[in-house]
Amino acid sequence: METKLLKPNEESIRLACKLLKQGEVVGVPTETVYGLAGDATKPEAIKKIYQAKGRPADNPLIVHISNTNMLDGIVKFVPEDAKILMQNFWPGPLTIIMPKGDRVCDATCAGLDSVGVRMPSNKIAHEIIEKSGIAFAAPSANTSGKPSPTNAGDVFADMNGKIPLIIDGGDSDAGVESTVVSVLQNTPIILRPGVITKEMMESVLNKPVQIARAITEEVKSDEKVLSPGMKYKHYAPNAEVVILKGTIDKFAKYVNKHSDDDTFALVFDGEEKFLNVKAITFGHHENANEQAHKLFSALRELDKLHAKKVYARCPDTTGVALAVYNRLIRSAGFKIIEL
Ligand code: TXA
Ligand code: MG
C-alpha cells in the first residue's frame, strides 16, 4: 500500500474524512502525540489499527470526540467527576475512563465494559472529527513497543506501507500521551500520567486523586492491572537504556568510566559539557514540559545514531515530570542504578 504524507488543507482533510468513513486508518496529529485513527464503531477499522501497530488485542484504545453531544452512545452515562473534569480540561490532553456505551465496538475497548474518551484540542484532529462526524479510536501511531511519534516523519518511519494516509501537522505540543484517569470509583485514579497532573485535577474536584502503583513500579505479566497498557514493554529504542539516579557529578563520573564507542548519554540541557561520551539532551532539568516535549524524539534520535547502550538522567517524580519519569523507566525496562 502506498502511504501518502500530506500537509493539512481542505483537500487532504476531505481525503482523511473519506478514508475514515470507508473504515480505513489514518495517521493524524494531536496535541499529545500522533495517533492512528479509525472509526470506533467499526470492528474492521479497529482490526486494521491493531494490525498496523502489531498491538496486543487485550490493550484497549481511546475514543476521540469533538463535542460533548458525541458522548451519546459512546458512554453509558457521564459520572459527576467526569463532568467537572470535562468542563475544566476539555478540549485537551485528558482521557477519562467511563462506562462503555453501545455504539463503541467491543474490539475498541478490548472487551472491557469501560471506555476511555478524550476531546483533542489540536485543530486538525478536531476538524477531522467534526467534518467526518466520526468518533475515532486512536492509539499512538508507533509500532507497538516503540517510542510514540511526535512528528509526521516518525509516523511515516513506522507506518509506511501499512496505512493509506498521514496528515503532517508539525511537532506535537505536549510530546507525551494524554493523562488517563478513571472515574469509575469514588476516588478518581490516574492510570497514566501526562501534562494534566494530579494536583490540577484535585484542585477542580476538591477531593484527592490517586496515582496507580503501576505508574512507577513494574507489574508482573500475569498481574491484574487497572489499565492493560501498564503491563507491556513500551517506548523502547533499540539500545539498552539504563537510568542512573544521582547528581550530575556522580552521573558524569559513572558514565565516563563505564562507556565505549557505542555508548550515549541522555541528559538534561547544558550537562553535555561534563561528559566524555556522545550525548543527546531532552530539555532543562527544571522544565518538565520541555522534557515531555523532547523525550520521544530524543529516544528515536538514539536509534538513528545506532546507540547500543544509553545512560539516562533520572527525571523528577512530581507534577508533569512524573509523566516523563513514567515513560523513561518503561523505555529502560525499569533498569535503574542508584549512584
Ligand atoms: O494522547 C493520547 O492519548 C494518544 C493520542 C493519539 O490521543 N493516544 C494514546 O493511545 O496514547 P494508546 O493506545 O497508545 O494508549 C491508550 C492507553 C493504554 O495504556 C490503554 O491501556 C489505556 O489507555 N486504556 C484505554 N482504554 C482503557 C480502559 N477502558 N480502561 C483502562 N485503560 C484504558
Ligand atoms: Mg501508545
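Everything quoted here is computed from the prediction, not taken from an experiment.

Our focus in this paragraph is the overall build of the protein. Secondary structure summary: the protein contains 9 helices and 16 strands in total. Its C-alpha atoms give the protein a radius of gyration of 20 Å, within 12% of the compact-globule value 20 Å for 339 residues. Considering only intrachain contacts with a sequence separation of at least 6, the fraction spanning at least 24 residues in the protein is 67%. Accessible surface computed for the protein: about 14,600 Å², of which carbon and sulfur atoms make up 49%. Separation between the mean location of the 42 positive side-chain charges and that of the 42 negative ones in the protein comes to 3 Å.

In the vicinity of ligand 1, 27 residues are found, and the nearest of them are T32, R55, N59, H64 and S178. Between ligand 1 and N59 there is a distance of 2.7 Å, counted from an oxygen atom to a side-chain nitrogen or oxygen. The side chain of S227 places a nitrogen or oxygen atom 2.9 Å from a nitrogen atom of ligand 1. Burial of ligand 1 by the protein chains amounts to 96% of its free accessible area of 680 Å². Top element by residues in the shell around ligand 1 is strand β6 (residues 114-118). It accounts for 3 residues. Classifying every residue of the shell around ligand 1 gives 14 nonpolar, 9 polar and 4 charged.

As a further point, take the domain arrangement of the protein. Where interface size is quoted, it is often the accessible area lost as the parts come together. Along its sequence, the protein is carved into domain 1 (4-215) and domain 2 (240-338). Relative to domain 2, the C-alpha centre of domain 1 lies at a distance of 28 Å. With 26 residues of domain 1 at the contact, the number on the domain 2 side is 17 residues. Along the contact surface separating domain 1 from domain 2 lie 3 salt bridges. Note that R300 and D158 form a salt bridge whose closest N and O atoms lie 2.9 Å from each other. Scanning the region where domain 1 abuts domain 2 turns up 10 residue pairs in polar contact (both at pLDDT 80 or more).

So, about the sheet that holds strand β13 (residues 263-267). Strand order in the open sheet made by the 5 strands is β14-β13-β15-β12-β16, with parallel pairing throughout. The sheet terminates laterally at β14 (278-281) and β16 (336-338), the two strands that pair on one side only. When the angles between neighbouring strand axes are averaged without regard to direction, this sheet yields 25°. Here β13 pairs with strand β15 (residues 309-313) via 4 bridges, running parallel. When the bridges of β15 are listed, T263 appears paired with K309. Packing against the sheet, helix α8 (residues 288-304) makes contact with β13, β14 and β15, and its axis sits at approximately 170° to β13. Lying over the sheet, helix α9 (residues 321-331) contacts β12 (240-245), β13, β15 and β16, oriented at roughly 130° with respect to β12.

Let us look at α9. Where burial is concerned, most of α9 is hidden: 11 out of the 11 residues are buried. The set of residues buried in α9 consists of A321, L322, A323, V324, Y325, N326, R327, L328, I329, R330 and S331. One or two steps after α9, the chain reaches G333, where phi turns positive at roughly 55°.

A separate point is the side chain of R300. By the secondary structure assignment, R300 is in helix α8. Judged by relative accessible area, R300 falls into the buried class, the value being 8%. Within the local environment of R300, its side chain forms a polar contact with the backbone oxygen of P147, the two atoms lying 2.6 Å apart. Those residues in contact with R300 that lie beyond four places of it in its chain are N142, K146, P147, S148, P149, D154 and D158.

Criteria and thresholds
Along every chain, residues carry numbers that run from 1 in the direction the sequence is written. A letter from A marks each chain and a number from 1 marks each ligand, given out in the order of writing. Restriction of local features to residues with pLDDT of at least 70 applies here, the model being predicted, together with a cutoff of 80 or more for giving and counting side-chain atom pairs; totals for whole chains, interfaces and linings are based on all residues. Side-chain metrics rest on all non-hydrogen atoms present in the structure, leaving aside hydrogens and water. Runs of H or I in DSSP of at least four residues are treated as helices and runs of E of at least two as strands, each being numbered from the N terminus. Taken over C-alpha atoms, the radius of gyration is set against a globule rule of 2.2 Å times the number of residues to the power 0.38. Residue contacts follow a heavy-atom distance rule, with two residues in contact if any of their heavy atoms lie within 4.5 Å. Values of accessible area rely on a 1.4 Å probe in the Shrake-Rupley scheme; residue burial ignores everything except the protein chains shown. Neither His nor the chain ends is counted toward charge; the positive residues are Lys and Arg and the negative residues Asp and Glu. We put the charge of a Lys on NZ, of an Arg on CZ, of an Asp on CG and of a Glu on CD. Being near a molecule or strand, for a residue, comes down to having at least one heavy atom within 4 Å of it. Nitrogen and oxygen atoms within 3.5 Å of one another constitute a polar contact, given that in protein one can donate a hydrogen and the other can accept it, and given that sequence-neighbouring residues count only through two side-chain atoms. Only Asp, Glu, Lys and Arg are considered charged in this grouping, and only Ala, Val, Leu, Ile, Met, Phe, Trp, Tyr, Cys and Pro are considered nonpolar; every other residue, Gly among them, is considered polar. The source of the domain bounds is an automatic or database domain assignment. The term salt bridge refers to a pairing of a side-chain nitrogen on Lys or Arg with a carboxyl oxygen on Asp or Glu at a separation within 4 Å. Pairing between strands is defined by DSSP: at least two bridges between the two strands are required. For helices, the fitted line uses only the C-alpha atoms of the stretch in contact; every axis is such a line through C-alpha atoms, and the angle between N-to-C directions lies from 0 to 180 degrees. Partly exposed residues are those whose accessible area sits between 20% and 50% of the maximum for their type, while under 20% is buried and over 50% is exposed, using a 1.4 Å probe and protein chains only.

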